[in-house]
Amino acid sequence: MTAPELKIMTLDQAVAWQTAIRREHKTLAVTNGAFDLLHRGHVEYLNQAAAEADALLVAVNSDASVKQLKGPERPLVGEQDRAMLLASLQAVSAVVIFNGPKPVDVFSVIHPDVYVKGGDYTEDSLDREEHALLKRAGARFVFIPFVAGFSTTSIVRRLRDGGSAPAASHGTAGPALNNALDTIFCRRSVRHYQLRPVADEHLVAILQAAMAAPSACAKDPWQFHVLKNDGLRTDIAAVLPNGRFLAQAPTGIVVCGDLRRAHGAELSYLIQDCAAAIENLLLAVSQLGLGACWLGVHPRQDRVDAIRQLLKQPAEIIPIAVIAIGWPAEHPPKRSRYRDDAIHWEV
Ligand SMILES: Cc1cc2nc3c(=O)[nH]c(=O)nc-3n(C[C@H](O)[C@H](O)[C@H](O)COP(=O)(O)O)c2cc1C
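Residues numbered from 1 in each chain as written. Predicted model: local features only at pLDDT ≥ 70, side-chain atom pairs only at ≥ 80, totals over all residues. Heavy atoms only, no water.

**What to know about the sheet that holds strand β4 (residues 94-98)**
Link 1 in the chain: Read from one edge of the open sheet, six strands run β1-β4-β3-β2-β5-β6, paired in parallel fashion. Single-partner strands in this sheet number two, and they are β1 (8-9) and β6 (140-144).
Link 2 in the chain: Across five bridges, the pairing between strand β3 (residues 55-61) and β4 is parallel. Counterpart to A59 in the pairing with β4 is V96. (Pairing = 2+ DSSP bridges. Helix = DSSP H or I, 4+ residues; strand = E, 2+ residues; numbered from the N terminus.)

Right under this line is the structure:
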């Protein structure tokens, strides 16, 4: 294991390190953040980020940068200590401290294969300058939601209020997960696959599960295109900005809806039916020991048009999503993203 001190680098050192890992044909993921008062949410996030590539570089905000973004009372932990804590994690390969509110200097010279960001960011809501630099580098974007119930802000609030940690959690905030529902909690997005092919009998079983989903008035408007052809799968991957890894998956399924068959020929019913089928499909994949990831298509019109053209479909057929499927080369832990504040008990 590399000593943590050696993982903390200046930007020049990080550039040299990047050159060295490229020479070994390794892929690089980069994420950035303050990582003030490191907590379980951070660690789970970084574990997932690390699973996206062979090496993970974390660009951590300097103290001045955190103050600028979060106010004079932050950070709680100084930059060198935050860097040391991050560098001590197995998931983290390298750490650089950056100044200024955003890591544009880092992205000018570090060119990741994957850019990982937490929370509810999307490609559209990323800072434009950062986005342009990462796009130019050809980075794939991966957005990982924060683990519910963990945040530095909530820890600070508890400290101020004199409270203690919430009851022990088992992969979630809130009550312990019911093991009888493991089928649901163990389904996670899998984005790295073994080279091993997926047998047709598995694909048929998965499609049986998909077509057992609820559907408005049982209209079953879904259509499934199984991507056994490598060239077609690669072409479809190329039109999915957050799904390029489909090209490395042994197979995939494009889930489409036929508007003519949908209840009342209404798009909303078509989408709801297809979404139910997709969830069934994903649960079946997971139960069979396979891995899959939902890749968004609808409502991005450019993706809809490109896929429709590649599959030679008429305008009434609406591609909703592509599901990358393969034998998993990563195993994200079971969890729920349970949130008390999402529940309204109407008593
Ligand atoms: C409508 C929709 C679109 C999605 N699009 C993508 C995508 O393009 N690329 C990707 O890697 N994951 C995509 N996902 C997967 C989500 O990122 C993932 O489900 C979420 O982060 C929760 O993680 P989990 O599936 O492991 O529970 C999508 C999920 C949904 C429901």
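Past the structure itself, the notes keep going.
**A word on the domain arrangement of the protein chain**
Link 1 in the chain: You can read the domains of the protein chain as domain 1 (4-161) and domain 2 (189-326).
Link 2 in the chain: The C-alpha-based centres of domain 1 and domain 2 are spaced at 32 Å.
Link 3 in the chain: Of all residues in domain 1, E52, E123 and R140 give up the largest surface area on contact with domain 2, accounting jointly for 54% of the area buried on that side.
Link 4 in the chain: Across the domain 1-domain 2 interface, the total number found is one salt bridge. (Domains from an automatic or database assignment. Buried area = accessible area lost by both parts, 1.4 Å probe. Salt bridge = Lys/Arg side-chain N within 4 Å of Asp/Glu carboxyl O.)

**Points about the site of the ligand**
Link 1 in the chain: In the vicinity of the ligand there are 13 residues, among which R188, S189, R191, N242 and W294 approach most closely.
Link 2 in the chain: Within the backbone of W294, a nitrogen or oxygen atom sits 3.0 Å from a nitrogen atom of the ligand.
Link 3 in the chain: R337 has a polar side-chain atom sitting 3.2 Å from an oxygen atom of the ligand.
Link 4 in the chain: Protein contact buries 72% of the 630 Å² of open area that the ligand shows by itself.
Link 5 in the chain: Class assignment of the residues belonging to the shell around the ligand gives a composition of five nonpolar, three polar and five charged. (Near = heavy atom within 4 Å. Polar contact = N/O pair within 3.5 Å; in protein donor to acceptor, adjacent residues only side chain to side chain. Areas by Shrake-Rupley, 256 points an atom, 1.4 Å probe, with all protein chains shown as cover. Nonpolar A, V, L, I, M, F, W, Y, C, P; charged D, E, K, R; others polar.)

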